[in-house]
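Spelled out from the first residue to the last, the chains are:
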2 protein chains.
Amino acid sequence: MRWKLTLEYDGGPFVGWQRQEPGRLSVQQALEDAIAAFSNETVAVTAAGRTDSGVHAEGQVVHIDLTRDWTEKTVRDAINAHLRPLPVAVLRAEPVSDEFNARFSARLRAYRYTILNRAAPPTLEAGKVWHCVAPLDIDAMRLGAAHLLGQHDFSSFRAADCQAKSPIRTLDRFDIEQQGDKILFIIEARSFLHHQVRNIVGTLVLVGRARWHADDVKRALDACDRTQAGPTAPPEGLVLTRVGY
Amino acid sequence: MRWKLTLEYDGGPFVGWQRQEPGRLSVQQALEDAIAAFSNETVAVTAAGRTDSGVHAEGQVVHIDLTRDWTEKTVRDAINAHLRPLPVAVLRAEPVSDEFNARFSARLRAYRYTILNRAAPPTLEAGKVWHCVAPLDIDAMRLGAAHLLGQHDFSSFRAADCQAKSPIRTLDRFDIEQQGDKILFIIEARSFLHHQVRNIVGTLVLVGRARWHADDVKRALDACDRTQAGPTAPPEGLVLTRVGY
């Protein structure tokens with residue numbers, strides 16, 4: 001039976017979603033170990049988004065196949081019991097058809113990037129925000145962001161190691177909201193290139209600090225050259241909030 | 001010159017606001033040490049709310065007296081530099097008149113208590129919420145809370161070691177809001193008894209779980225007897241959000 005699991009995790013202590021060299025813990029490894037401990041089955045977990053080291057999730061989605069029958073409550077609670085004390089939790093476990101694939105069936109991925117824009121360092125939100133001391137002009141960043149909405153060649157915002165076949169992506173939503181001393185970047189697309197959100201945020205901060213004009217974002221996009229866009233924002237401000245099917 | 005400092009802190013690693021036995025770090029001690037390190041002056045810090053161990057603050061207010069002249073920016077940034085890497089930060093430093101007293105001039109204290117009401121344990125908000133697995137009836141809790149609004153003898157919700165002269169307090173605001181799988185209790189009063197908010201939340205959870213009827217809150221209040229109210233909610237869900245003058 002195929003299961004869809006919705007996950008929340010604090011990416012801080014992990015090397016990222018994907019299993020890497022032994023001895024460094026990935027979210028994938030932690031989850032596979034917990035599933036094996038509860039079910040006595042060795043499963044491979046497939047995720048909608050392979051988040052980087054330090055990147056968080058409120059709504060990561062994965063699928064697994066289990067041969068024995070379980071209730072939804074048992075799958076959720078038993079995996080959570082074996083995940084303790086790691087900061088990973090199964091929010092929901094739902095049986096799905098064999099055609100469901102967490103990665104390839106996904107039609108929408110939503111991310112939120114949070115900047116804490118104030119002089120004082122973060123305390124309650126340490127590890128969950130990017131701390132930017134210089135005041136950021138939100139209206140200017142919105143003008144810059146507007147150039148990125150829709151379908152474009154995002155080569156300028158793509159990590160060197162990105163393995164996607166095409167650099168063409170479509171941003172369906174890109175909102176920038178202020179909440180007190182926080183600035184939230186809310187971005188949705190069917191899929192993203194590696195580091196795309198963090199490279200976009202790092203570039204828009206150049207606009208927010210008035211080092212770049214909003215139209216320089218368009219020039220960077222049109223260049224189709226990673227060296228023409230801004231730096232990569234740090235991982236800790238990024239959360240995979242939702243995957244739609 | 002007298003200064004008003006507005007503080008944010010994660011109460012997790014501290015024994016609470018107040019200095020206690022040596023070797024166990026209080027927020028007060030951390031702040032006094034940082035002020036001494038930057039100013040070379042030994043100061044006593046007076047706070048609006050003496051938060052318990054594990055209780056957080058987004059808007060604690062304290063006052064200090066410094067003999068030398070400094071700019072607001074220097075006071076804020078220099079104390080923050082010396083507080084690192086502790087999760088305490090000065091959000092604002094403002095010169096005030098000598099009549100200002102962070103504790104005795106305060107006319108309003110606002111707290112927020114957050115319950116995470118779901119089966120899965122907290123990950124991103126670990127240490128910042130009270131995890132309650134059983135579903136809570138928010139409307140029933142609101143009916144219970146309504147009995148506590150206004151001026152009452154709160155002896156039933158007062159810690160045994162509370163040093164206040166009178167058990168009479170006036171709750172000016174008590175709202176219960178749902179945000180996704182979180183339930184927020186927002187409470188304002190001129191001042192609170194020791195453990196008052198946590199004892200109220202612990203009691204309302206009995207109502208939320210249908211172990212108590214909403215009117216049992218009124219009976220507990222009228223009894224003026226701590227043994228007649230519910231248990232004390234854990235500290236990690238509580239935040240001192242604001243102090244008004």
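Residues numbered from 1 in each chain as written. Chains lettered and ligands numbered in written order. Predicted model: local features only at pLDDT ≥ 70, side-chain atom pairs only at ≥ 80, totals over all residues. Heavy atoms only, no water.

Re the confidence of the model for chain A
Logical step 1: The pLDDT averaged across chain A works out to 97; a share of 100% of its residues lies at or above 70.
Logical step 2: Scored as a whole, the predicted complex attains pTM 0.95, and scored at its interfaces, ipTM 0.93. (pLDDT = per-residue confidence, 0-100.)

Section: helix 2 (residues 72-83) of chain A
Logical step 1: When the terminal C-alpha atoms of helix 2 of chain A are compared, their 17 Å separation across 12 residues agrees well with the 16 Å that a helix rising 1.5 Å per residue should span.
Logical step 2: Packing partners of the buried residues in helix 2 of chain A comprise strand 1 (2-9), helix 1 (27-39) and strand 4 (88-96) of chain A. (Helix = DSSP H or I, 4+ residues; strand = E, 2+ residues; numbered from the N terminus. Expected span 1.5 Å × (residues − 1). Contact = heavy atoms within 4.5 Å.)

Considering the pattern of salt bridges
Residues and elements named next belong to chain A.
Logical step 1: One pass over the full model with this rule turns up 34 salt bridges over all chains.
Logical step 2: Measuring nitrogen to oxygen at the nearest pair gives 2.8 Å for the salt bridge that ties D65 to R2. Note that D65 is positioned in strand 3 (residues 56-65) and R2 in strand 1, a separation of 63 residues in sequence.
Logical step 3: Accessibility expressed as a relative area gives 14% for R2, which makes it buried.
Logical step 4: We note a salt bridge from K218 to D222, for which the minimum N-O separation is 3.1 Å. Placement of the pair is K218 and D222 together in helix 5 (residues 215-223), with a separation of 4 residues, close to one helical turn.
Logical step 5: Note on D222: relative accessible area 47%, which makes it partly exposed.
Logical step 6: Connected via shared salt-bridge partners are R173, D175, E177, E188 and R242. (Salt bridge = Lys/Arg side-chain N within 4 Å of Asp/Glu carboxyl O. Buried < 20%, exposed > 50% of the residue type's maximum accessible area, 1.4 Å probe, protein only.)

Observations concerning the side chain of T6 of chain A
All names here are of chain A.
Logical step 1: By secondary structure assignment, the location of T6 is in strand 1.
Logical step 2: What makes T6 buried here is its relative accessible area of 5%.
Logical step 3: Setting aside residues up to four positions removed in sequence, T6 forms contacts with G59, Q60, V61, A89, V90, L91, R92 and E94.

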